[in-house]
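Residues per chain, in single letters:
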Amino acid sequence: MKELRKFDTKVQHLKYKVLREVAKQAWNDTLPENILDIPKIIVPGKIPTMRCCVYKERAIVAERVKLAMGGNRENPNIIEVIDIACDECPAAGYEVTDSCRGCLAHRCEDVCPKGAISFDHNYVAHIDKSKCIECGQCSKVCPYSAIVNRRRPCQNACKIKAISINEEHYAYIDNEKCIACGACVYQCPFGAIMDKSYILDVIDILRECERDKKYKVYAVVAPSVASQFKYAKLGQVISGLKRLGFYAVVEAALGADMVAYSEAKELAEKGFLTSSCCPAFVSYIKNAFPELVQHISHNLSPMATISKYIKDNDKNAKIVFIGPCTAKKAEIKLDSVKPYVDSVITFEELQALFDSRDIDITQLEEAVLDDASYFGRIFARSGGLADAVAQALKEHGLDDFRLEACVCDGIEQCRVALTKKKVNRQTANFIEGMACEGGCIGGAGCLTHGDRNKSQVDKYGKEAMEKTIYDAISVLNYDK
């Protein structure tokens, strides 16, 4: 139970246990050649199951193991559906509930454009699924609210409608629409949708660098780390990373300072920008609003910006980004980012790495992390980027430029803001887009979610209040 309290949900805990055991086998060079043998190692003996049989449970664990080992390499998406585990949700669509009173009005029948509604001998409505186009008109006119849309949790979570239900009644992800935000991963109550893990790649990097002292492995840690690992202190998390074999731990928030400083000047020059920090938001613009791509800030994300700086100054550096974001795993495949970041893991996966090496971070001394300013650190929550750009404008002496920021907390707000810009009804000159509600502190790869995360990030930021953005980046000779 103590282990379980590290996570929000039991589904996360199950995912973690698979990751931990796969990592443990990798450290010990005991990963079986036959992947079907791995579930027996992870869950030896009788597997407690909620499924129809233990054999199905083993098959599902085998699929979880495949994703923990990198997933289907032929599928470019880092989010995948485990079909065999996606069979417990009811078929999605509009259904008539017991609230139907068999009324005389039959408004639902009159409004249906496809004639999909009929009535039985008790005058209770029924919907022919083969005819229904899910327009929802029947639900809107029912005076008893007796017709409801039984959408699956993954569909409700996906605000860009990239998930549909295929003929076998499994969730299907449209890779052309998916922005890899991971909302479906966190919301699926059966853990049937997961993100691919690069945890084995990270272990390989650490072991290679341990054997060949030629390389140094840097951990670039997202500022939202301040809201995670609540059972320990932040300094102990940093010590734990060094115990794993990382040469140094660098705040991605320092990259955020660099981005804010540069982005402020770009905004003043161009007059309008959309932010480039959230890879899911950037993907959303490219997929759904291609006419607005020209307005995306030219800056790399904070992760890529600080990683580029490190590699420019240390040719033997290897970079692993650690954060809350599944979309970062997609971002590192981009040609503009690939040279700078070698791999990405989430906070969930970091916890699995710690435990695969039996590292109890609560027993470690506290290391110090003191790179970034307050403004770089608050990038982790919604509104933080806009605040940082406002500060950077002041530090540049661009007080004549009036920042009018539109802060988008979640992809639905992003859609509204971008739609207004598309039709020239957007009054803001800067759109801060965060795909996850709350910002990065609501990322799918977080151990925990909730309002307290924001206060933790703000507290972490205030520890660096004595620094301006320029103070933080001046030691890097960075003045863009």
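Residues numbered from 1 in each chain as written. Predicted model: local features only at pLDDT ≥ 70, side-chain atom pairs only at ≥ 80, totals over all residues. Heavy atoms only, no water.

A short note on helix α3 (residues 54–68)
- The first and last C-alpha atoms of α3 sit 21 Å apart over 15 residues, in line with the 21 Å expected at 1.5 Å per residue.
- Residues of α3 that are buried: Lys 56, Glu 57, Ile 60, Val 61, Ala 62, Arg 64, Val 65, Leu 67 and Ala 68.
- Among the residues trailing α3, Gly 70 stands out with phi positive, at a value near 115°. (Helix = DSSP H or I, 4+ residues; strand = E, 2+ residues; numbered from the N terminus. Expected span 1.5 Å × (residues − 1). Buried < 20%, exposed > 50% of the residue type's maximum accessible area, 1.4 Å probe, protein only.)

What about the nonpolar core?
- In this structure, Leu 241 and Phe 246 are the most contacted members of the largest nonpolar core, which totals 136 residues.
- Looking at which element gives the most residues to this core, the answer is helix α10 (residues 252–270), with 10 residues.
- Core analysis: the next-biggest nonpolar cluster, separate from the first, contains 12 residues, Cys 100, Cys 108, Cys 138 and Cys 142 among them. (Core = buried A, V, L, I, M, F, W, Y, C linked by side-chain atoms within 4.5 Å.)

Observations regarding a positive patch on the surface
- Among the surface-exposed residues, Arg 151, Lys 159, Lys 161, Lys 177 and Arg 415 lie close enough to one another that they form a single positively charged patch.
- Tracing the backbone through its elements, the reader meets Arg 415 in helix α17 (residues 411–422).
- A relative accessible area of 36% means that Arg 415 is categorised as partly exposed. (Patch = residues over 30% accessible without salt bridge, like charges linked within 9 Å, V, L, I, M, F, W, Y side chains within 5 Å. Areas by Shrake-Rupley, 256 points an atom, 1.4 Å probe, with all protein chains shown as cover. Salt bridge = Lys/Arg side-chain N within 4 Å of Asp/Glu carboxyl O. Lys, Arg positive; Asp, Glu negative; His and termini not counted. Charge placed at Lys NZ, Arg CZ, Asp CG, Glu CD.)

Quick look at the sheet that holds strand β15 (residues 430–434)
- Spatial ordering of the open sheet is given by β11-β15-β14, a layout of three strands whose pairing is parallel. Two strands in the sheet have a free side with no partner beyond their single neighbour: β11 (273–274) and β14 (405–409).
- Here β14 pairs with β15 via five bridges, running parallel. Bridge pairing in β15 places Val 407 opposite Glu 432.
- Against the sheet, α17 touches β11, β14 and β15, its axis set at about 145° to β14. (Pairing = 2+ DSSP bridges. Contact = heavy atoms within 4.5 Å. Axes fitted to C-alpha atoms, helices over the stretch in contact; angles between N-to-C directions.)

Some words on empty space enclosed by the protein
- Under the criterion given, the structure shown has six cavities of 30 Å³ or more.
- Of the voids in this model, the largest cavity is the one considered here, and its volume is about 310 Å³.
- Along the walls of the largest cavity sit 26 residues, with Cys 277, Cys 278, Pro 279, Lys 328 and Cys 440 positioned nearest its centre.
- If you list the elements that add at least two residues to the lining of the largest cavity, you get α10, α11 (279–288), α12 (302–313) and α13 (327–331).
- The element that contributes the greatest number of residues to the lining of the largest cavity is α10, accounting for three residues.
- Residues of the lining of the largest cavity, tallied by class, amount to 22 nonpolar, three polar and one charged.
- By volume, the second largest cavity is sized at about 130 Å³.
- Forming the walls of the second largest cavity are 17 residues, and the residues nearest its centre are Cys 100, Cys 103, Cys 108, Cys 142 and Pro 143. (1 Å grid on protein atoms, 1.4 Å probe; cavity = no way out; pocket = protein on both sides within 12 Å on 5 of 7 lines; lining within 4 Å. Points joined across faces, edges and corners; volume = space filled by probe spheres on them. Nonpolar A, V, L, I, M, F, W, Y, C, P; charged D, E, K, R; others polar.)

Quick look at the layout of surface pockets
- Looking at the largest pocket, its volume works out to about 730 Å³.
- Lining the largest pocket are 27 residues; nearest its centre among them are Pro 279, Ser 283, Lys 286, Glu 331 and Leu 334.
- The dominant element in the lining of the largest pocket, judged by the number of residues it contributes, is α11, at five residues.
- Residues of the lining of the largest pocket, tallied by class, amount to 13 nonpolar, 10 polar and four charged.

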